[in-house]
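Below, each chain spelled out in residue letters.
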Amino acid sequence: MRQGIRRRDFLKTLVAAGIIGSLGGVAKLLPYRRVVRPPGALVEEKFLSQCTRCGQCIQTCVTGTLVPCSLGEGLLIWGTPRVDPLRAPCEAVAGRCEISRPCVENCPTNALVYVEPEKVKMGSVKWIKENCIAYRGGECLVCYEVCPIDGAITPRRGIPVFHSGKCIGCGRCVYACPPEPKALYLVPDGERRIETTR
Amino acid sequence: MKLLDKLRLISSSSTLITYFTASLRGFITGTTAFIKGGLVCIACPLGVLQILAASLILTNQLLLALATTSLFLLVAGRFFCGWMCPTGAVVHSTHRPRGRRWGITAPLAIITVLVSSFLARLPVLCVICPVGIPFKLVFAYIFGIDIYLLVLALAGWLVLNAYISRKGFSWCGTLCPVGYLLGLISPKPLLHVSTNANCTRCRVCVLSCPSNINIPEAKLSDRVRCTLCLKCLEHCRFRGVELRFYKKKILG
């Protein structure tokens, strides 16, 4: 029986450590889907490097819109928060979270930072007209009624028109959209992310 | 199964159940990387180091949590590893003493984790952390997301443990980077194992130790690996090993 480390074992494990370490580095090249992040998220690269996947934001979210990303969205973003408008909308603008945001306040690593409500833009909404009640001739403008932003959704002859430049991606319209399957879904297109941590 | 191992399984599963109920009720938030309950927060030291390696950022909240964690560690050391960590309970209770050939590789494991975190700009181990997986399973259950990755990673860690325990060591004692870092923060905590005058230097305790610690002549660098699993107490036939709190004997 021997105590201590033999040189051969040490070298073997050193090589193993190097290989595994660089494998971890290669993990960066794995593909992942772009998802809608909570308001005030850093740019994706910085966000992924600072998020510990601890779940504070998800558990403290007032509305319950934040969910952890699943494996299908990519190994690299597994467990990181995303906005799921099917569960609830995000109320960072014209809602309960304008002034104090639990997700931001509880983030231990500043992967989420506070931004003023007028600067929040998480993404935009996409319209599937085949599913839309109004497009098929019904009476429905629920998305227009719940939208907190002036001019993001405008009705034209009873049919909603979506302006992705003004849409902030809060998901209220998606949450409220009555048909099944829904005529609206949220995408991170046009999102405004934070470059530096203050 | 030995009494100590039964107790270990009971204590670690009650840790998990406490975490589960407290999470459901909203008393605590977060997983092992950063747990917050009211004003008290604790953080995984390796998680903090990984964030530091990946993004070169250290926040006040992390430092505060690290201070609280260190306070716990200075009192109880790696009590967490031996008695609270669910993975640790499985590893310790399946451990059997065998011949030993392996070197001590936990410092290398820490370096591996930090290097890959730096290269990937990502807290690599946090995603598949052996310590965090049982807690994350609870978290995944509450939020209803897929657990394939967690189950796969946990199986991977246990297979790795089965491989290295053929050489007589456990994952926790010799390779776990999280546990080793906990030990590094407080090599000789208030709660620790020590030999007394009854010790005959028969070295049964050394053979039974999953962390390969030379208990009768333990140096500080060996004590880092002690998970307070108390297998040495269990195997000693002369009541020569005891568990001490500061200088007072409490067990053995």
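The rules behind each value
- Sequence order sets the numbering: in each chain, residues are counted from 1 along the sequence as written.
- In the order they appear in the text, chains get letters beginning with A and ligands get numbers beginning with 1.
- Local features in this predicted model are restricted to residues of pLDDT 70 or higher, and side-chain atom pairs are both shown and tallied only at a pLDDT of 80 or more, whereas totals for entire chains, interfaces and linings draw on every residue.
- Computation of side-chain values covers all heavy atoms of the structure but excludes hydrogens and water.
- Strands are runs of DSSP state E lasting at least two residues, helices are runs of H or I lasting at least four, and both sets are numbered from the N terminus onward.
- In this setup the radius of gyration rests on C-alpha atoms only. A globule is expected at 2.2 Å times the number of residues raised to 0.38.
- When a residue's accessible area, from a 1.4 Å probe over protein chains only, is under 20% of the maximum for its type it is buried; when over 50% it is exposed; and in between it is partly exposed.
- Contacts are assigned to residue pairs with any non-hydrogen atoms lying within 4.5 Å of each other.
- Using the Shrake-Rupley algorithm and a 1.4 Å probe, accessible areas are obtained, with residue cover drawn only from the displayed protein chains.
- Counted charges follow a simple rule, with Lys and Arg positive, Asp and Glu negative, and His plus the chain ends left uncounted.
- Where a charge lies is defined by one atom per residue type, namely NZ (Lys), CZ (Arg), CG (Asp) and CD (Glu).
- The definition of a nonpolar core used throughout is a set of buried Ala, Val, Leu, Ile, Met, Phe, Trp, Tyr and Cys residues joined through side-chain atoms within 4.5 Å.
- Note: domain ranges come from an automatic or database domain assignment.
- Accessible surface is computed with a 1.4 Å probe, and the buried area is the amount of it that two parts give up when combined, taken over both parts together.
- By definition here, a salt bridge exists when the distance from a side-chain nitrogen of Lys or Arg to a carboxyl oxygen of Asp or Glu is within 4 Å.
- For the purposes of these results, a polar contact is taken to be a pair of N or O atoms within 3.5 Å, where, inside protein, one atom must be able to donate a hydrogen and its partner to accept one; residues adjacent in sequence count only when each atom of the pair is a side-chain atom.
- By definition, two strands form a pair when at least two bridges between them are found by DSSP.
- To get an axis, a line is fitted to the C-alpha atoms, and for a helix only the part in contact is used. The angle between two axes follows their N-to-C directions and goes from 0 to 180 degrees.
- Within the patch definition used here, like charges are joined within 9 Å and nonpolar side chains (Val, Leu, Ile, Met, Phe, Trp, Tyr) within 5 Å, considering only residues with over 30% relative accessible area and no salt bridge.
- For classification purposes, an angle smaller than 35 degrees is called roughly parallel, one larger than 145 roughly antiparallel, one from 65 to 115 roughly perpendicular, and anything else oblique.
- Throughout, a crossing is termed right-handed when the near helix is turned clockwise from the far one, and left-handed when it is turned anticlockwise from it by less than a right angle.
- Basically, the charged four are Asp, Glu, Lys and Arg, the nonpolar ten are Ala, Val, Leu, Ile, Met, Phe, Trp, Tyr, Cys and Pro, and anything else, Gly included, counts as polar.

**Let's talk about the overall build of chain A**
Right, so step 1: When its secondary structure is counted, chain A shows six helices and six strands.
Right, so step 2: Taken from N to C terminus, the helices and strands of chain A fall in the order α-α-α-β-β-α-β-α-β-β-α-β.
Right, so step 3: On C-alpha atoms alone, chain A measures out to a radius of gyration of 22 Å, which is more than a quarter above the 16 Å that the 2.2 N^0.38 rule sets for 198 residues.
Right, so step 4: In terms of its C-alpha atoms, chain A occupies a principal-axis envelope of roughly 85 × 35 × 25 Å.
Right, so step 5: When each of the 198 residues of chain A is scored for burial, the buried share is 51%.
Right, so step 6: Long-range contacts, defined as pairs at least 24 residues apart, comprise 68% of the intrachain contacts of chain A with a sequence gap of at least 6.
Right, so step 7: Carbon together with sulfur atoms contributes 56% to the accessible area of chain A, which is approximately 9700 Å² in total.
Right, so step 8: Charged side chains in chain A number 28 positive and 18 negative. The centres of these two groups are separated by 9 Å.

**Quick notes on the nonpolar core**
Right, so step 1: If you look at the biggest cluster of nonpolar residues, it comprises 49 residues, and the most contacted ones within it are Phe47, Leu66, Leu112, Met122, Val125, Cys173 and Leu184 of chain A.
Right, so step 2: Mapped by element, the contributors of at least two residues to this core are α2 (44–50), α3 (56–60), α4 (102–105), α6 (172–176) and β6 (184–187) of chain A together with α8 (133–143) of chain B.
Right, so step 3: Residues lining this core come from more than one domain, with at least three contributed by each of domain 1 (7–118) and domain 2 (121–187) of chain A.
Right, so step 4: Residue contacts for Val125 of chain A: discarding those within four places in its chain leaves Phe162, Cys167, Cys173, Val174, Leu184, Tyr185 and Leu186 of chain A.
Right, so step 5: Membership of the second largest hydrophobic core comes to 33 residues, among which are Trp78 of chain A together with Trp171, Leu175 and Val224 of chain B.

**Quick notes on the interface of chain A and chain B**
Right, so step 1: At the junction of the two partners, chain A supplies 45 residues and chain B supplies 47 residues.
Right, so step 2: Together, the buried faces of chain A and chain B total about 3800 Å²; carbon and sulfur atoms form 65% of this surface.
Right, so step 3: Here chain A and chain B share zero salt bridges between them.
Right, so step 4: Inspection of the chain A/chain B interface yields 10 residue pairs in polar contact (both at pLDDT 80 or more).

**With respect to the sheet that holds strand β4 (residues 241–245) of chain B**
Across a sheet, strands are paired by hydrogen bonds formed along the backbone, either parallel or antiparallel in direction.
Residues and elements named next belong to chain B.
Right, so step 1: With antiparallel pairing, the three strands of this open sheet are ordered in space as β3-β4-β5. The open sheet has two edge strands with one neighbour each: β3 (191–195) and β5 (248–251). Put simply, the sheet's adjacent strands are angled 50 degrees from each other on average, direction ignored.
Right, so step 2: Across five bridges, β3 lies against β4 in antiparallel orientation. Residue Thr195 lies in a different strand from β4, and its bridge partner there is Val241.

**Some thoughts on the domain arrangement of chain A**
All names here are of chain A.
Right, so step 1: Structurally, chain A comprises domain 1 (7–118) and domain 2 (121–187).
Right, so step 2: Distance from the C-alpha centre of domain 1 to the C-alpha centre of domain 2: 28 Å.
Right, so step 3: Counting residues at the interface gives 15 residues for domain 1, matched by 12 residues for domain 2.
Right, so step 4: Carbon and sulfur atoms supply 75% of the area that domain 1 and domain 2 bury against each other, a total of about 1000 Å² over both sides.
Right, so step 5: Viewed at the interface, domain 2 and domain 1 are joined by zero salt bridges.
Right, so step 6: Our count for the contact surface shared by domain 1 and domain 2 stands at three residue pairs in polar contact (both at pLDDT 80 or more).

**What to know about a nonpolar patch on the surface**
Right, so step 1: On the surface, Val75, Leu190, Phe245, Tyr246, Ile250 and Leu251 of chain B cluster together to form a nonpolar patch covering roughly 530 Å² of accessible area.
Right, so step 2: Examined against the element boundaries, Val75 of chain B turns out to sit in helix α3 (residues 60–76).

**Here's the deal with the pattern of salt bridges**
One side chain can pair with another of opposite charge once the charged atoms of both are near each other.
All names here are of chain A.
Right, so step 1: Scanning the entire structure with this criterion turns up 15 salt bridges over all chains.
Right, so step 2: The partner of Asp84 in a salt bridge is Arg87, with the nearest N and O atoms 3.7 Å apart.
Right, so step 3: A residue is classified by how much of its surface remains accessible, and Asp84, at 12% relative accessible area, is buried.
Right, so step 4: Accessibility expressed as a relative area gives 41% for Arg87, which makes it partly exposed.

**Some words on the side chain of Ser165 of chain B**
Right, so step 1: By secondary structure assignment, the location of Ser165 of chain B is in helix α9 (residues 148–165).
Right, so step 2: Engagement of the side chain of Ser165 of chain B in a polar contact is seen with the backbone oxygen of Ala162 of chain B, the distance being 3.1 Å.

**A look at the packing of helix α1 (residues 7–26) of chain A against helix α6 (residues 106–120) of chain B**
Right, so step 1: Running from N to C, α1 of chain A and α6 of chain B point in directions that differ by 25 degrees, and their axes come no closer than 7 Å. One way to sum up the angle between α1 of chain A and α6 of chain B is to call them roughly parallel. Judged by the sense of rotation from one axis to the other, the crossing of α1 of chain A with α6 of chain B is right-handed. Contacts between α1 of chain A and α6 of chain B involve Phe10, Thr13, Leu14, Ala17, Ile20, Gly21, Ser22, Gly24 and Gly25 of chain A from the former and Leu108, Thr112, Ser116, Leu119 and Ala120 of chain B from the latter.
Right, so step 2: Looking at the contact of α1 of chain A with α6 of chain B residue by residue, the classes come out as seven nonpolar, seven polar and no charged.

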